[in-house]
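Chains, contacts and geometry: an overview
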Amino acid sequence: MLSTSFSRMNEFRECPLKAKLKFLDKVPDPRPELPEGQEHPFERGSRIHDAAERCVVDNYDHLPEELKKFEDRFRVLQKLYKEGRCETERAFAMDKYWRQSDPKDFENTRYRMIADVLVHLSDDHILIIDHKTGRKDGNEIKHLNQGIEYVCVVSMLYPDAKKFTFEVWYIDKGEVLSVEFDRHDLANHISEFVKAHSELWEREVFPPTPSSQACLFCPYKKGTVGRGKNAYAGAGICDKNMN
């Protein structure tokens with residue numbers, strides 16, 4: 001796989017074949033358009049992420065309804081942004097030697113990451129914030145793993161920082177998941193992170209690894225994708241469906 005990210009690695013760990021079909025073969029998801037007036041969860045998430053960025057950058061006086069559970073926190077971000085201590089949609093990129101690269105350098109960049117918000121709390125303490133919409137329960141471990149990976153990247157690119165905080169803002173719930181790391185705690189995490197992604201860059205075989213979780217929403221399976229009124233027929237490429 002030419003380039004990776006947390007989401008690509010997460011898809012690969014769930015099912016290598018699914019990751020190959022999605023990111024290498026670029027097989028489209030056969031998901032049908034929703035009826036007029038309905039919004040797909042991914043589209044809603046993207047819209048709210050955009051609103052969260054504009055709220056900080058454009059210093060909104062009135063927050064969109066979806067963000068009001070975090071109004072006090074967004075007011076703090078607006079202040080920090082004015083002070084030059086807060087960045088939104090901060091893109092990070094690294095080459096095959098794990099050196100910082102230009103995110104627009106598609107030839108040499110091998111790893112990518114975007115932090116919804118990056119805050120310099122002090123000269124040696126960095127806060128990374130990720131906005132989440134939709135379901136929280138059952139996703140906490142995945143979100144914690146994302147936090148570990150994001151902190152690893154930021155620590156590699158900000159060598160003078162000693163302390164890192166990763167927060168998930170569950171926009172719909174009004175809840176926060178927060179974890180802190182000291183630099184001396186990160187050595188093993190960084191080693192594992194670099195090893196996993198470096199190996200994925202060189203991988204040539206992508207077998208299916210069916211499971212009830214991986215197969216339920218896989219758009220490439222033979223069978224029905226998802227449940228309920230928005231379920232639809234899969235692309236029929238993989239017959240290892242366990243649902």
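Conventions and cut-offs
- Residues numbered from 1 in each chain as written.
- Predicted model: local features only at pLDDT ≥ 70, side-chain atom pairs only at ≥ 80, totals over all residues.
- Heavy atoms only, no water.
- Helix = DSSP H or I, 4+ residues; strand = E, 2+ residues; numbered from the N terminus.
- Rg over C-alpha atoms; globule rule 2.2 N^0.38 Å.
- Buried < 20%, exposed > 50% of the residue type's maximum accessible area, 1.4 Å probe, protein only.
- Pairing = 2+ DSSP bridges.
- Axes fitted to C-alpha atoms, helices over the stretch in contact; angles between N-to-C directions.
- Contact = heavy atoms within 4.5 Å.
- Core = buried A, V, L, I, M, F, W, Y, C linked by side-chain atoms within 4.5 Å.
- Expected span 1.5 Å × (residues − 1).
- Parallel < 35°, antiparallel > 145°, perpendicular 65-115°, else oblique.
- Nonpolar A, V, L, I, M, F, W, Y, C, P; charged D, E, K, R; others polar.
- Lys, Arg positive; Asp, Glu negative; His and termini not counted.
- Salt bridge = Lys/Arg side-chain N within 4 Å of Asp/Glu carboxyl O.
- Polar contact = N/O pair within 3.5 Å; in protein donor to acceptor, adjacent residues only side chain to side chain.

**Brief notes about the overall build of the protein**
Looking only at helices and strands, the protein features 7 helices and 7 strands. Ordered by position in the sequence, the α and β elements of the protein form the string α-α-α-α-β-β-β-α-β-β-α-α-β-β. Compactness check: the protein gives a C-alpha radius of gyration of 19 Å against a globular reference of 18 Å for 243 residues, within 12% of the reference. Taken over the C-alpha atoms alone, the protein extends approximately 55 × 45 × 30 Å along its principal axes. The buried share among the 243 residues of the protein stands at 42%.

**Here's the deal with the sheet that holds strand 3 (residues 125-132)**
Here we have 5 strands laid out as an open sheet, ordered 1-2-3-4-5, and mixed in their pairing. Bordering the open sheet on either side are strand 1 (86-94) and strand 5 (175-182), each of which pairs with just one other strand. Adjacent strand axes in the sheet meet at a mean angle of 30°, parallel and antiparallel pairs treated alike. Strands strand 1, strand 2 (111-122), strand 3, strand 4 (163-170) and strand 5 of the sheet are contacted by helix 5 (residues 140-157), whose axis makes an angle of about 145° with strand 4.

**A closer look at the nonpolar core**
Ranked by internal contacts, the top residues of the largest apolar core, which has 29 residues, are Phe92, Ile128 and Val154. Mapped onto this core, the elements with two or more residues apiece are strand 1, strand 2, strand 3, helix 5, strand 4, strand 5 and helix 6 (187-202). Counting residues per element, this core draws most heavily on helix 5, at 7 residues. Of all hydrophobic cores here, the second largest spans 18 residues; its members include Ile48, Ala51, Cys55 and Trp169.

**Focus: helix 5**
Under the 1.5 Å per step criterion, the end-to-end length of helix 5 is 26 Å for 18 residues, consistent within 8% with the ideal 26 Å. Buried within helix 5 are the following residues: His143, Gln146, Gly147, Ile148, Glu149, Tyr150, Val151, Cys152, Val153, Val154, Ser155 and Leu157.

**Remarks on unusual backbone geometry**
Working note: non-glycine residues mostly have negative phi, and peptide bonds are mostly trans. One non-glycine residue, Lys26, adopts positive backbone phi at about 55°. Mapped onto the elements, Lys26 comes out in the loop between helix 2 (16-24) and helix 3 (41-57). Look at Asn59: it is not a glycine, yet its phi comes out positive at around 55°.

**Things to note about the pairing of strand 5**
Two strands pair when backbone bridges link them, and strand 4 and strand 5 are joined in this way by 8 bridges, in the antiparallel orientation. When the bridges of strand 5 are listed, Phe164 appears paired with Phe181. The loop that links strand 4 with its antiparallel partner strand 5 comprises 4 residues; one of these, Gly174, has a positive phi angle of about 75°.

**Section: the packing of helix 1 (residues 6-14) against helix 6**
At their nearest, the axes of helix 1 and helix 6 sit 11 Å apart, and the two run at 75° to each other. What the angle tells us is that helix 1 and helix 6 run roughly perpendicular. The segment helix 1 lies against helix 6, with Phe6, Met9, Phe12 and Arg13 engaging Ala196, His197 and Leu200. Considered class by class, the residues forming the contact of helix 1 with helix 6 number 5 nonpolar, 1 polar and 1 charged.

**A look at the side chain of Asp95**
By secondary structure assignment, the location of Asp95 is in the loop between strand 1 and strand 2. In contact with Asp95, other than residues within four places in its own chain, are Ser101, Asn108, Arg110 and Trp201.

**Focus on the side chain of Glu53**
Topologically, Glu53 is positioned in helix 3. Of the side chains bearing the opposite charge, Arg54 lies closest to the buried Glu53, which forms no salt bridge; the N-O distance is 4.3 Å. Within polar-contact distance, the side chain of Glu53 engages the side chain of Thr88 at 3.4 Å.

**Looking at the environment of His62**
Mapped onto the fold, His62 is located in the loop between helix 3 and helix 4 (71-82). Residue classification places His62 among the exposed positions, given a relative accessible area of 71%. When the C-alpha positions of His62 and Pro219 are compared, they lie 39 Å apart, and in sequence the two are 157 residues distant.

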